[in-house]
Each structure stands twice: as structure tokens, then as C-alpha cells.
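Report on the structure
Here's the letter readout for the chains.
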Amino acid sequence: MPKKPSQRLVVDASVARASGGADATYPTSKHCRDFLDVVRKICHQIVMSPDIAAEWDRHQSHWARTWRVSMVARKKLCRVNPSGDTELQDRVVGVAAGDSQREAMLKDYHLIEAALATDQCIASLDDTARDLFARAARQVKELRGVAWVNPSLPDEQPIPWLAGGARPEKTRLLGSRPET
Amino acid sequence: MNTQPNSKRETQNPGEGVTAVSVGGYKSLAEERSIEIRPLTILAGANSSGKSSIMQPLLLLKQTLEATYDPGALLLDGPNVRFTSVDQLLSKERKVERVAAFRVGIEVDLGKTVTIRFSKQRAGGLEIAHLTYADERESVSLHAEMTHDEIAAAVSPNLKGFYETIAQREGVPPRWVVVRNRCFLDLALRIEDKKESRLVAYSPGNVIEPHIRNLIHLPGLRGNPERTYPRTAIGPTFSGTFEKYTASIIAGWQAQDNRDAIKGLSQDLERLGLTWQVVAEPVNDTQVELRVGRLSRASRNTVGDLVSIADVGFGVSQTLPVLVALHAAKPDQLVYLEQPELHLHPRAQSALAQVLADAANRGVRVVAETHSALLILAVQSLVAEGYIAPDKVKLHWFKRRDDGITEITSADLDEAGAYGDWPEDFAEVALETESRYLNAAEQRQGQE
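Attention here is on the structure that accompanies the text. As the structure is a prediction and not an experimental result, all values here were calculated from the model. (Residues numbered from 1 in each chain as written. Chains lettered and ligands numbered in written order. Predicted model: local features only at pLDDT ≥ 70, side-chain atom pairs only at ≥ 80, totals over all residues. Heavy atoms only, no water.)

A few points about the interface of chain B and chain A
At the interface, 21 residues of chain B touch 22 residues of chain A. Here chain B meets chain A over a buried area of about 1800 Å², counting both sides, of which 51% is carbon and sulfur. Its largest share of buried area at the contact with chain A, chain B owes to Asp421(B), Leu431(B) and Glu442(B), together 31% of the area lost on that side. Joining chain B to chain A, the criterion identifies 3 salt bridges. Here Glu428(B) makes a salt bridge to Arg40(A), at a shortest N to O gap of 3.6 Å. For the pair chain B and chain A, the number of links is 8 residue pairs in polar contact (both at pLDDT 80 or more). (Contact = heavy atoms within 4.5 Å. Buried area = accessible area lost by both parts, 1.4 Å probe. Salt bridge = Lys/Arg side-chain N within 4 Å of Asp/Glu carboxyl O. Polar contact = N/O pair within 3.5 Å; in protein donor to acceptor, adjacent residues only side chain to side chain.)

Written out as C-alpha cells, the structure is:
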């Protein structure tokens with residue numbers, strides 16, 4: 001596959017977990033493997049903050065571990081250590097309606113932090129978190145430019161998106177997501 | 001014979017033995033390809049991609065130099081490499097060479113390079129068409145047809161002085177001639193009055209000859225385990241392939257009470273999970289028996305529990321020559337290992353990386369041709385762990401283009417053991433194979 005411009009992608013551990021192992025279900029697992037495989041072949045980079053790495057360490061499948069080894073060996077792993085902007089985090093999670101939403105947003109806030117520190121692209125299976133952050137984006141403008149893709153949903157055309165350079169297309173942005 | 005600039009690579013110190021090899025016109029290496037040799041050099045790639053071909057010309061030179069008779073410019077059918085015709089080793093794709101010929105260039109000590117061009121003779125066999133020597137101060141080119149006048153016009157002041165001395169001593173002016181010395185060309189003075197009398201004045205091949213002779217070669221096929229092995233000399237040079245020296249070297253270490261070597265060998269065997277001890281027992285003046293611990297780890301109950309190497313798995317008999325070669329090799333000596341991981345369990349393949357790194361850290365120049373993803377990954381791990389410096393390691397990936405010509409992609413490791421872009425890596429094969437299985441298995445399990 002010909003190389004396209006490389007983007008730094010935040011890939012949630014949910015993708016790594018779903019790519020194989022005891023909990024994997026077909027065809028979600030295949031979609032995740034195909035997605036990661038194309039990330040590697042197109043030479044996109046993946047973003048690893050300490051929090052993301054810890055999540056991967058906890059949840060990654062054997063297949064995902066092999067994939068990650070290859071990405072590290074190819075120098076396609078972008079390490080970041082976000083500064084921890086608590087003011088921004090407070091504004092984002094302040095949008096939550098209740099403790100459960102707040103906990104859900106805090107659980108995945110490390111993805112937002114890492115994306116804001118890089119190319120503002122997130123791949124995750126967690127649509128609940130995506131909806132919550134999309135709602136927050138209406139009040140927090142910093143979130144509006146973050147693209148969020150679910151690799152398990154073929155309707156979102158994640159593979160063509162990767163192949164096209166993983167650009168932050170308007171329809172994928174948290175700021176453009178219709179209210180649910 | 002001009003002076004040529006030379007840019008020294010900064011990663012290595014001088015006096016390091018063979019530091020680069022270039023080959024062109026040879027089998028799939030139709031276009032000239034070069035590899036840098038570092039203390040731990042890994043050759044990887046698909047079958048028949050040209051990994052062995054880049055090293056075979058060195059082996060041809062070795063077996064030519066070691067032949068007990070003058071076999072001509074190259075001994076084609078010898079203990080290290082076996083051909084029966086010149087056409088078997090020449091490239092079929094002659095894009096670079098217009099005539100049937102191949103070249104090998106060997107750089108030693110970072111900057112001293114001897115390049116020899118062998119061409120096919122009409123009458124059969126090979127002849128040396130050219131030999132060039134270049135270092136940072138001078139460049140010398142010899143060919144078999146050079147005339148006295150051509151040579152006289154090109155020789156250095158030192159050689160001119162030598163010429164004058166001989167002319168005065170002999171009372172007649174000698175003639176410069178180029179003569180073949182096995183696989184090299186020498187510059188000699190022929191004294192006209194004395195038939196057959198030649199004085200060798202300059203042998204550029206001497207720069208690489210000791211490194212070629214000292215090369216230790218372990219082929220992929222290392223023989224069946226035997227009840228006894230013939231007694232051999234025990235170095236420091238090992239003509240032919242190395243495996244036949246293994247038993248006698250161990251016997252020699254025992255006789256010399258070389259505890260470091262014996263202990264190191266035992267530790268490596270145990271590290272690989274093969275056995276905890278190996279003992280060489282002379283049977284008579286011509287034969288040595290190798291006995292090994294029956295179990296892989298030492299314990300109170302294993303003392304004296306030794307059996308013939310012929311009675312244990314292939315892993316021991318195939319790996320023992322590799323380990324002995326690495327311990328027997330001196331700093332700067334080139335050890336060429338073809339698939340050292342053969343017959344080893346994956347865990348042992350991984351552990352083998354440390355054995356190779358230990359030798360490289362002692363200054364031995366290890367060239368390992370491998371198909372083991374685990375071995376390469378373990379080398380990367382050793383670099384990331386700081387066990388071996390990244391500038392001691394070089395990876396070369398061999399691949400054949402659609403037209404059959406070999407291309408080599410070379411990579412340095414960084415301090416994290418990462419190598420960056422390669423045309424392909426073993427992980428790709430692993431991921432594809434695992435994906436294939438998972439796709440099929442998960443789909444079937446979903447139907448149950």
C-alpha cells in the first residue's frame with residue numbers, strides 16, 4: 001500500500017483489547033485488526049502517553065502486542081506526556097450531567113489530552129464517551145477540532161479515512177457531531 | 001596510483017578486521033551491493049534473497065588461500081562453497097558487467113579496501129581481471145596485462161627505490177610484471193637474466209589475507225552428531241568449515257585448564273536450556289568423544305550424568321559449534337554463522353541473542369544470517385536494555401526485486417532498539433498469520 005501523509009493517532013486500548021483474545025467477537029475484532037494493520041502499513045504513528053500505555057498494558061490482546069512491537073521497532077510510536085491542564089479538564093467534565101457521566105469522561109479524558117497534544121485524532125470503540133465529549137465540545141471550544149473514529153463501524157469508513165491521510169474531516173469532529 | 005579521500009565512519013575504532021563487503025555480478029547480486037560489518041551484523045530476508053551470496057565470495061577466497069595446491073584464481077569446489085561451473089556463480093542478469101565477471105570488495109580496518117574482479121576465461125575457469133587497493137592515502141590498480149612501462153609510470157616512490165636497488169644489485173634493469181598469487185595480484189620484478197626469477201615487490205592482497213584466512217565459517221548444515229570426532233588442530237585459524245574443530249577445541253581447553261572458556265561454554269549451554277555441561281574425552285590419538293549432561297540444568301543429582309552427544313537432541317550438536325566458535329574467536333576475528341538458531345526452541349533462539357552479543361562485546365565480529373524473528377527482537381531488547389551499544393549492531397534486510405536482482409536495506413538501531421522503516425519485517429508475517437487464524441476461528445466460534 002502506498003504511503004500517505006502520516007498522522008499521530010490516539011488509539012484507545014478498547015481497540016487493542018477487541019483485536020483478539022478471549023473477549024473478542026467477530027466481526028468487531030476483524031475490523032479492529034484491519035484498522036490497526038492499515039495504520040501500520042500506511043505508517044501513521046500512534047500516540048502513547050503514560051496513561052494510554054498503562055491501559056494498553058492492561059488490555060491489549062496478543063495480536064495487539066505484536067502490532068505494538070512492530071510499531072515501536074519501526075519508530076512509529078509517538079510518546080507524549082501531556083502537561084495536565086486541570087482547568088481544561090474541569091471545564092470538560094463540568095459539562096457532565098451526574099456522577100456516572102463524569103466518571104465516564106474522566107476515564108477517557110487521557111485520550112483527549114493526548115489528542116490535543118498531537119494531531120487531534122482519536123480511534124476508540126467507546127461511543128458513549130464520544131457522545132459525552134461531543135456534548136462538552138459545544139461549550140469547550142478546544143474539543144471541537146478533535147476527530148473521533150470508531151474502527152468497528154464500517155459505516156464510518158475508518159479504513160478509507162486512514163488511507164486518505166487520517167485528516168480531521170469535518171463530519172468526524174466532536175464539534176460537528178449531532179446531538180444524541 | 002592516486003590518493004583518494006576516504007570518509008571514516010565514526011561508529012567504530014580502527015583495527016577492527018573486516019568492516020565492509022561489496023559484491024557485484026555474483027548470483028542475484030547482479031548490481032553491486034555493499035554491507036557494513038559491525039561486531040554484530042544480522043543478515044535477514046526471505047529464502048534465496050541473497051544473504052549467503054554476499055558472504056560467499058569471502059568463502060571462495062578463504063578456500064582458495066587454504067587449498068594445499070594452487071587451484072588457480074579461485075577454488076570453486078571447496079569445503080566452504082561448492083560450485084562445479086563458473087556459470088553457477090555469475091549473475092544471470094548482466095546489467096552492470098558486460099562480460100561474464102564478478103567483483104568482490106573487502107574493506108578492513110575502516111578504510112583499507114581490496115577489490116578483485118574475476119572474469120570467466122574462454123578456456124573455462126576464472127581469471128583475475130583487476131585488483132585494486134585503496135586507502136585514505138593511495139589507490140593502486142593492477143591488471144594482469146599491465147606492461148612494464150605502465151607499471152613503472154604508476155608505482156610509488158618507495159617501489160621506484162626498490163626497483164633501483166634491485167637494478168644495481170643485479171647489474172641489469174629488471175622488468176615490472178603483474179603476477180597472480182592465488183586469488184590476488186602481486187607486483188613483482190622479473191630479472192631478465194634469471195629465468196623464472198621474480199621478486200615480489202608489493203602484495204596488496206596482504207591487507208585482507210589474514211582476515212580471510214582467520215574467518216570462522218559455520219554453515220547451515222553442521223553435520224550429524226557422531227559417537228566420536230577426529231582430532232584436529234585447535235586454532236587460531238580454522239581452515240574449511242568450523243564444526244569439525246569443536247570437539248578438539250573443547251578437549252584443548254580442558255587440557256590447558258582454560259576454565260574461563262569451559263565455564264563460559266557451560267553457561268551458554270545452560271542459558272539456552274540445552275545442557276549444563278559438555279566434556280570432551282579423548283578416545284585415542286585420533287578420536288575425541290563429546291559427552292554432555294543429560295539434563296539441561298545442574299543439580300546435585302546431575303553430577304556424572306553424562307551421555308554421548310549422539311544420544312541427545314539435535315539442538316545440542318548443532319548449537320555447540322556455534323558457541324565454541326564464538327568463544328574460540330579472537331577480537332576482530334570474523335565469525336560467519338549461517339542460521340545459528342537451527343534446531344533451537346523459540347526460548348533458546350531468544351537466549352542466543354545474548355550469546356552473540358557477548359561475543360560482539362568482546363570484539364569478535366559476528367555475522368549471523370537468520371530467519372528468526374525472535375533472535376532479532378531479542379537483539380533489539382539487548383540494545384534497549386543497554387547490554388550492547390546500538391553502534392555495534394547492524395541489520396541488513398535482503399529482498400529480490402521482480403527482475404530477480406537483490407536489494408539490501410540496511411538499518412541502524414537506536415538506543416531503544418528500534419530500526420525504523422524496513423521493506424518488510426517478521427512482525428508482518430506474524431500479524432498476517434495470526435489475523436488469518438483469528439478471523440477464521442472467531443467466525444466459526446460465533447456460529448456455534
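From this point, the discussion proceeds with the structure in view.
Focus on the layout of surface pockets
Each pocket or cavity is described by its volume, and for the largest pocket that value is around 370 Å³. In this structure, the largest pocket is lined by 18 residues; those nearest its centre are Thr66(A), Val69(A), Ala373(B), Leu377(B) and Ala427(B). Elements with a minimum of two residues in the lining of the largest pocket: α4 (62-73) of chain A together with α9 (373-384) and α10 (426-447) of chain B. No other element matches the 6 residues that α4(A) contributes to the lining of the largest pocket. (1 Å grid on protein atoms, 1.4 Å probe; cavity = no way out; pocket = protein on both sides within 12 Å on 5 of 7 lines; lining within 4 Å. Points joined across faces, edges and corners; volume = space filled by probe spheres on them. Helix = DSSP H or I, 4+ residues; strand = E, 2+ residues; numbered from the N terminus.)

Observations regarding the packing of aromatic side chains
In this structure the tally under the stated criterion is 9 aromatic pairs over all chains. Relative to Trp67(A), the ring of Trp56(A) lies with its centre 5.8 Å away and its plane at 20°, an arrangement referred to as stacked. A residue pair is termed long-range when its members are at least 10 positions apart, and Trp56(A) in helix α3 (residues 50-59) and Trp67(A) in helix α4 qualify at 11 residues. Judged by relative accessible area, Trp56(A) falls into the buried class, the value being 0%. For Trp67(A), a relative accessible area of 0% gives the class buried. Consider the rings of Phe238(B) and Phe242(B), whose centres lie 4.9 Å apart with planes at 75°: the pair is edge-to-face. (Phe/Tyr/Trp six-rings, centres within 6.5 Å; stacked < 30°, edge-to-face > 60°. Buried < 20%, exposed > 50% of the residue type's maximum accessible area, 1.4 Å probe, protein only.)

Digging into the state of the cysteines
All names here are of chain A. For the structure on display, the rule yields 0 disulfides over all chains. The thiol of Cys32 is not disulfide-bonded; the next cysteine sulfur, from Cys121, is found 17 Å away. When its relative accessible area of 0% is taken as the criterion, Cys32 is described as buried. (Disulfide = S-S within 2.5 Å.)

Quick notes on helix α5 (residues 86-93) of chain A
All names here are of chain A. Burial in α5 covers these residues: Leu88, Val92 and Val93. Taken down its axis, α5 places every buried residue within 120° of arc, on the same side. The elements touched by buried residues of α5 are α6 (99-116) and α7 (127-137). (Arc of directions from axis to C-beta.)

What to know about α4(A)
Residue and element names in this part refer to chain A. Under the 1.5 Å per step criterion, the end-to-end length of α4 is 17 Å for 12 residues, consistent within 8% with the ideal 16 Å. For α4, the set of buried residues is Trp63, Ala64, Thr66, Trp67, Arg68, Ser70, Met71 and Ala73. Positive backbone phi, at 60°, marks Lys75, one or two positions downstream of α4. (Expected span 1.5 Å × (residues − 1).)

Focus on the sheet that holds strand β5 (residues 147-149) of chain A
All names here are of chain A. Spatial ordering of the open sheet is given by β3-β2-β1-β4-β5, a layout of 5 strands whose pairing is parallel. Where the open sheet ends on each side, the last strands, each with one partner, are β3 (77-79) and β5. Shown here is a sheet whose adjacent strand axes are inclined to one another by a mean of 35°, direction ignored. Note: strand β1 (residues 8-11) against strand β2 (residues 45-48), 2 bridges, orientation parallel. Its bridge partner lying in β2, Leu9 is registered against Ile46. The strands touched by α6 are β1, β2, β4 (121-123) and β5; relative to β4, the strand with the most contacts, the crossing angle is about 145°. (Pairing = 2+ DSSP bridges. Axes fitted to C-alpha atoms, helices over the stretch in contact; angles between N-to-C directions.)

Points about the pairing of strand β17 (residues 365-369) of chain B
Residues and elements named next belong to chain B. Taken across its 5 residues, β17 has 5 buried, putting it largely inside the fold. Relative to β17, strand β3 (residues 40-45) runs parallel, the two being bridged by 4 bridges. Looking at the pairing, Leu40 lines up with Val366 of β17. With helix α8 (residues 346-361) bridging strand β16 (residues 334-338) and its parallel neighbour β17, the resulting β-α-β unit is right-handed. (Right-handed = clockwise from strand over helix to strand, strands pointing away.)

Comments concerning unusual backbone geometry
Looking along the chain, the bond that leaves Tyr26(A) and enters Pro27(A) is cis, with omega of 5°. Following the sequence through the fold, Pro27(A) ends up in the loop between α1 (13-18) and α2 (28-42). In this model, Gly235(B) is joined to Pro236(B) through a cis peptide bond whose omega is 10°. By the secondary structure assignment, Pro236(B) is in the loop between β12 (229-230) and α5 (246-255).

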